[in-house]
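Close look at the chain arrangement
The primary structure of each chain is shown beneath.
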Amino acid sequence: MITALVAVQGRLEGQRFPLGRNPVTLGRGDTNDVVLTSRFASRVHAEVRREGDRFVLADHDSDNGTWVNGVQVGVHTLEPGDEVRIGDEVFRFESWESATLVGPVDGLAGGSPDVLRVTVTGGGPVGLALALLLDHLMGPRVAVRVHDRRWTRVGDRVEWSGYEKGNVRREQVVTLQSRQYLRLPPHVQERLFASRETWSEMWPLGPDSVDGAAPRNTPVRFIEDTLLELANERSERITLVPERFDVGESRDDLVQQHVLAVCEGGRSRTRDQLADRFGTADRSMYSVDGEHVSDMVLGLRVRSGLPDPTSVLLTVSQNRFLLNSLRGEGFLNMRLSDQEAQEAVGINPVRQVFSPCIQSAPCVLERQPDGEFMCETHHTFFLPALLRGSALWTRVQEGLRLFGVPEDALTAVTGFRLDMVQRPRFTAQLFPPTRTTPGTFACLLGDAGNAIHFWPGRGLNSGLASAISLARALATVWHGRPLRDADFTRHEAVMAMLQYRHKTRAWRQMVSIDATGRARTIKGQIARGIAEGEQGAHDRTTDTEALLERLRQNRARLESRLPGLPDDAALRAQLEPLSDQTLHTLAVSGSWDTANVGGEEVDVGWLLPEPEPAVVPAPPADRVTRRVAGDQLAAAPVPGPRPREATPRDPAQGPRA
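Residues numbered from 1 in each chain as written. Predicted model: local features only at pLDDT ≥ 70, side-chain atom pairs only at ≥ 80, totals over all residues. Heavy atoms only, no water.

- In the annotation of an unreviewed UniProt entry, the entry for the chain reads FHA domain-containing protein, and the organism field reads Geodermatophilus telluris.

Structure follows, in structure tokens:
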């Protein structure tokens, strides 16, 4: 039997204090076994001593009392899962058979294994997925803390901040590939896909589909909400911190962590603070004629009336527009030329100044009752829509017609810029181990390591793969000893493969190769199509037949995997309302480069098979706050300091199917 007090809140968070035959004292005095820093703690506040086969907590007549599960106690027999609060410091009593531990425990004979302490910066889907994966695979061997300034604390839970606090939530619909979602913990899969109202299967089976499971479309906001909800329920090992993580301000704490996982996205502030550790990124690999390629995308929130098979066929047959939706509701992404990108700005009509907030923040400009699109944060209107006759707004309306979207079904406009760089490494040692510190490694995950192109879900799937890789690597190599560079070898190899595969695939969505073998940007082809359309250098019949032939070829390729594709008459009817200039631009933009976009995909399991999930005994039912039918059953209020509620993982969930 292994027993310990584990600090879950306060300055000692993540540290484990083994319990044995000798009493363990807690207090502010330096002679205590557990030295507390809380100003509410007495010099010798309490002790835990062994009595027979049980452990008893005894208060030493302290000034502010000792609390167990929210109730003040004098002498209390501890049970697994009990939470002990002294002032603002909280400890959990753990007891389990050593056979339930995953992997060998070296150098800790008769004691408890050290806990792997992981700090995650960025609480989006990648950061939260990493935390939930570590909790699932490692159980009591890990303590994870996740920082995100976009959260706020509401009672005992952490929630996403609202628009009124400056948090602009992402609303895109993304495509989750089965190669990734089937490797999330079973309880995560169950919650994500509990209702068919929150997901659909729009795209056909492809190289990233495994076990016969199709890609699934779901709103990224739903994914973020669900993962945060699940992390709140795992508060015994996952601590959510609604604050920005700053490397400089947190150095004293960081040296006590084993791993810093940077999951903040493509504009990662933490990655930039650690730039000297990760090396200089190479921009030249993703350049054409010496210029780094960057795409500007206009995101149009729409409701389309087209059947999904028709939307898919129209999307893959040109490179100007992409519709990703959940039963027609989602975002129509419009790739812009450089000239159009300069025009996609907001204007403050009172101050008469332009604002690039739609590109740089990026902000969401919501449709107002008068039909204009306004950013409430910067009090700007989307200029192209304000100038109804502008060329860019006219082209936006043409995209709506192509995908069967009535103009009043366009409810918001946003934008984002994307580019790519080649990173030399994804793992770096920040601090070496010392007598008092464990040694700290930092890892770049998700878009912080592999920012890629705008086709919805591509970055998310790459990010989930990176989280799965790191979680498996840590669960496999962690034995209570300081980590080494060699422990990350397989994870680093997976990250390098993901970078090559996903960025190469994304690059072929940004450029095309002409007959001479030279790379040409697709946005440049779109600009050429626009210019030729304005000059009248096109023929409607030729462009229409070229598009129809491309649609037929793609239909023949997809029809065995995607039933319900439209016939020629339906396709011709869809193209008929478009202007000559739009038809020419679509024809010139080219089709998806499916020959290079398809093919073998990177599989984390090649190098990092899934370890057996942790087996953790659950505390007695009357000590647990459980979620039943989606409703949170709160514990009755108690006087005095209250510990955070903990919901242990249910061992009946078993390993992932």
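**Considerations on the packing of helix α16 (residues 522-535) against helix α19 (residues 580-589)**
- As a packed pair, α16 and α19 sit with axes 8 Å apart at the nearest point and diverge in direction by 150 degrees. Comparing the axis directions of α16 and α19 gives the class roughly antiparallel. Crossing of α16 against α19: the hand is right-handed. Contacts from Ile522, Gln525, Ile526, Arg528, Gly529, Ile530, Glu532, Gly533 and Glu534 in α16 reach Gln581, His584, Thr585, Val588 and Ser589 in α19. (Axes fitted to C-alpha atoms, helices over the stretch in contact; angles between N-to-C directions. Helix = DSSP H or I, 4+ residues; strand = E, 2+ residues; numbered from the N terminus. Parallel < 35°, antiparallel > 145°, perpendicular 65-115°, else oblique. Left-handed = near helix turned anticlockwise from the far one by under 90°. Contact = heavy atoms within 4.5 Å.)

**Here we look at the state of the cysteines**
- Per the counting criterion, the structure on display carries 0 disulfides.
- Here Cys363 stays free of any disulfide, with the sulfur of Cys375 as its closest cysteine sulfur at 3.7 Å.
- Residue Cys375 is classed as buried on the basis of its relative accessible area of 0%. (Disulfide = S-S within 2.5 Å. Buried < 20%, exposed > 50% of the residue type's maximum accessible area, 1.4 Å probe, protein only.)

**Focus on the packing of helix α8 (residues 308-316) against helix α17 (residues 540-558)**
- Taken N-terminus to C-terminus, the directions of α8 and α17 make an angle of 125 degrees; their axes are 9 Å apart at the nearest point. In terms of their interaxial angle, α8 and α17 are classed as oblique. The hand of the α8/α17 crossing is right-handed. Residues Val312, Leu313, Leu314 and Val316 of α8 form the contact with α17, whose participating residues are Leu551, Asn554, Arg555, Arg557 and Leu558.
- Among the residues making up the contact of α8 with α17, the classes are represented as 6 nonpolar, 1 polar and 2 charged. (Nonpolar A, V, L, I, M, F, W, Y, C, P; charged D, E, K, R; others polar.)

**Structural notes on the packing of aromatic side chains**
- With the rule as written, the count across this model stands at 10 aromatic pairs.
- Both rings, one in Phe17 and one in Phe91, keep their centres 6.3 Å apart while their planes meet at 65 degrees; by these two values the pair is edge-to-face. Residue Phe17 is located in strand β2 (residues 16-18), and its partner Phe91 is located in strand β11 (residues 89-96); the two are separated by 74 residues in the primary sequence. Considered together, Phe17 and Phe91 belong to a single accessibility category, that of buried residues.
- In textbook terms, an aromatic cluster arises when at least three aromatic residues are bridged by ring pairs, as seen for Tyr181, Phe193 and Trp199.
- The ring centre of Trp199 lies 3.9 Å from the NZ or CZ of Arg196, which sits over that ring.
- The cationic tip of Arg216 hangs over the ring face of Trp199; the distance from NZ or CZ to the ring centre is 4.0 Å. (Phe/Tyr/Trp six-rings, centres within 6.5 Å; stacked < 30°, edge-to-face > 60°. Lys NZ or Arg CZ within 6 Å of the ring centre and 35° of its normal.)

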